[in-house]
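Tertiary structure, described
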Amino acid sequence: MRKPVIAGNWKMYKLLDEAVQTALALKPLVANANHCDVIIAPVFTALKTVADRLEGSNLRVSGQDCSTQSDFGAHTGEVTAGMLKDVGCQYVIIAHSERRQFYAETDESANRKVRAALVAGIRPIYCIGELLSEREAGRAESVVETQLNGGLQGLTPADMERIIIAYEPVWAIGTGKTATPEQAQEMHAHIRRTIVSAHDAVTADGMRILYGGSVKPDNIATLMSQEDVDGALVGGASLVAQDFARIVNYR
Ligand code: PGA
């Protein structure tokens, strides 16, 4: 049995005070959510304070990106996975489509970040997903397969156990246009088959594959009813504690 994961990606929203207020508002609302792992990903500058304030709760904290580098060094503006762990993160989102689109993230750099996170002892949430034009050209499955194999290249089954995959079709992110439960299931099953080919059935069966893209309180339950959908990566609807709590408490 795969334990579901509901993760909130706060992107570049909220000053420190608001981040803390949202996290503290969320805490009691999801305190009984033992059916899933609950994660929030605030901006770098709020991570430490939010993580401290959530200590002892069932909420986990994630970074939104990390450096390809593991060691200290002259890399202005970068933050290592070890630094994220140091301030209380247990997860890091890697290769979100916004990083791919606007900040030159590639499967190759994503692979280095995934490895850096594993070395640091935090769990990568590796994001993949096709553009609308790629889906319309019938290339969605091959694009996702390439991202998956590229970003997770050379990893062992033991590494894979520590990784969460987030399938986020780019056309569904922030657009209010969710993939249908059937579209999500189809792609998630394809992702799992791809992992079977690269590794083995046991590894693939154990991996949690999240759906992301306009997940809301009123569509989470049908998405979660799909066999291969193991959770959600939520953007817009994770910014308001009450909305995100309704998503976490979907059942
Ligand atoms: P959205 O964002 O829920 O606002 O569509 C999802 C994401 O980008 O992770």
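Here is a short report on the structure shown in this document. Not measured: the values here are computed from a predicted model.

**Description of the layout of surface pockets**
- One number sums up the size of the largest pocket: a volume of about 540 Å³.
- Along the wall of the largest pocket there are 21 residues; nearest its centre are Lys11, Met12, Gln64, Arg99 and Tyr103.
- The element contributing the most residues to the lining of the largest pocket is helix α2 (residues 44-53), with three residues.
- Taken together, the residues of the lining of the largest pocket break down into nine nonpolar, seven polar and five charged.
- Taken as a whole, the second largest pocket spans an internal volume of roughly 180 Å³.
- Counted by class, the lining of the second largest pocket contains eight nonpolar, seven polar and three charged residues.

**Concerning the pattern of salt bridges**
- Evaluated as defined, the whole model comprises 14 salt bridges.
- A salt bridge links arginine 99 to aspartate 65; the shortest N-O distance between them is 3.3 Å. Highlighted residues: arginine 99 in helix α4 (residues 97-102) and aspartate 65 in the loop between β3 (59-63) and α3 (81-86), separated in sequence by 34 residues.
- We classify aspartate 65 as buried; its relative accessible area is 12%.
- Here arginine 192 ties to aspartate 230 by a salt bridge, and the two come within 2.8 Å at their closest N and O atoms. Highlighted residues: arginine 192 in helix α9 (residues 181-198) and aspartate 230 in the loop between α11 (220-224) and β8 (231-234), separated in sequence by 38 residues.
- Taking the relative accessible area as the measure of exposure, arginine 192 reaches 7% and is therefore buried.

**Here we look at the site of the ligand**
- Taken together, 13 residues lie around the ligand, and Lys11, His96, Glu168, Gly174 and Ser214 are the ones closest in.
- Within the side chain of lysine 11, an N or O atom sits 2.7 Å from an oxygen atom of the ligand.
- At a separation of 2.6 Å, an oxygen atom of the ligand approaches a polar backbone atom of glycine 174.
- Contact with the protein chains covers 97% of the free accessible surface of the ligand, which is 280 Å².

**Looking at the nonpolar core**
- The biggest cluster of nonpolar side chains holds 69 residues, and the ones touching the most others in it are Ile6, Ile163, Ile165 and Ile191.
- In contact with isoleucine 163, other than residues within four places in its own chain, are Val114, Leu118, Pro124, Tyr126, Leu152, Leu155 and Met207.

**Topic: the packing of helix α5 (residues 107-120) against helix α7 (residues 140-151)**
- Viewed as axis vectors pointing N to C, α5 and α7 meet at an angle of 40°, and their least axial separation amounts to 8 Å. The orientation of α5 with respect to α7, classified from their angle, is oblique. Note that α5 runs across α7; the crossing there is right-handed. Facing α5, whose interface residues are Asp107, Ala110, Asn111 and Val114, α7 presents Thr146, Gln147, Gly150 and Gly151.
- The class makeup of the residues in the contact of α5 with α7 is two nonpolar, five polar and one charged.

**Considering a negative patch on the surface**
- Side chains of Glu141, Glu145, Glu182 and Glu186 sit close together on the surface and give a patch of like negative charge.
- For the negative patch, the secondary-structure elements that each account for two or more residues are α7 and α9.
- Among the structural elements, glutamate 145 can be located in helix α7.

**Comments concerning the pairing of β3**
- Burial of β3 is extensive: four of the five residues sit out of reach of the surface.
- In the sheet, strand β2 (residues 37-41) pairs with β3 via three bridges, with the strands oriented parallel. By the bridge assignment for β3, isoleucine 39 is matched with arginine 60.
- Assessed by its sense of winding, the connection that carries the chain from β2 through α2 to β3 is right-handed.
- As defined by bridge partners, β3 adjoins strand β4 (residues 91-94) across two bridges and the pair is classed as parallel. If you follow serine 62 over to β4, its bridge partner there is tyrosine 91.
- You can see the chain leave β3, run along α3 and come back into β4, and the turn it takes is right-handed.

**Some thoughts on the environment of alanine 237**
- With respect to the helices, strands and loops of the structure, alanine 237 is situated in the loop between β8 and α12 (241-248).
- Note on alanine 237: relative accessible area 6%, which makes it buried.
- Leaving out residues up to four positions away in the same chain, alanine 237 has contacts with Val215, Lys216, Asp243, Phe244 and Ile247.

Conventions we followed
Residues numbered from 1 in each chain as written. Predicted model: local features only at pLDDT ≥ 70, side-chain atom pairs only at ≥ 80, totals over all residues. Heavy atoms only, no water. 1 Å grid on protein atoms, 1.4 Å probe; cavity = no way out; pocket = protein on both sides within 12 Å on 5 of 7 lines; lining within 4 Å. Points joined across faces, edges and corners; volume = space filled by probe spheres on them. Helix = DSSP H or I, 4+ residues; strand = E, 2+ residues; numbered from the N terminus. Nonpolar A, V, L, I, M, F, W, Y, C, P; charged D, E, K, R; others polar. Salt bridge = Lys/Arg side-chain N within 4 Å of Asp/Glu carboxyl O. Buried < 20%, exposed > 50% of the residue type's maximum accessible area, 1.4 Å probe, protein only. Near = heavy atom within 4 Å. Polar contact = N/O pair within 3.5 Å; in protein donor to acceptor, adjacent residues only side chain to side chain. Areas by Shrake-Rupley, 256 points an atom, 1.4 Å probe, with all protein chains shown as cover. Core = buried A, V, L, I, M, F, W, Y, C linked by side-chain atoms within 4.5 Å. Contact = heavy atoms within 4.5 Å. Axes fitted to C-alpha atoms, helices over the stretch in contact; angles between N-to-C directions. Parallel < 35°, antiparallel > 145°, perpendicular 65-115°, else oblique. Left-handed = near helix turned anticlockwise from the far one by under 90°. Patch = residues over 30% accessible without salt bridge, like charges linked within 9 Å, V, L, I, M, F, W, Y side chains within 5 Å. Lys, Arg positive; Asp, Glu negative; His and termini not counted. Charge placed at Lys NZ, Arg CZ, Asp CG, Glu CD. Pairing = 2+ DSSP bridges. Right-handed = clockwise from strand over helix to strand, strands pointing away.

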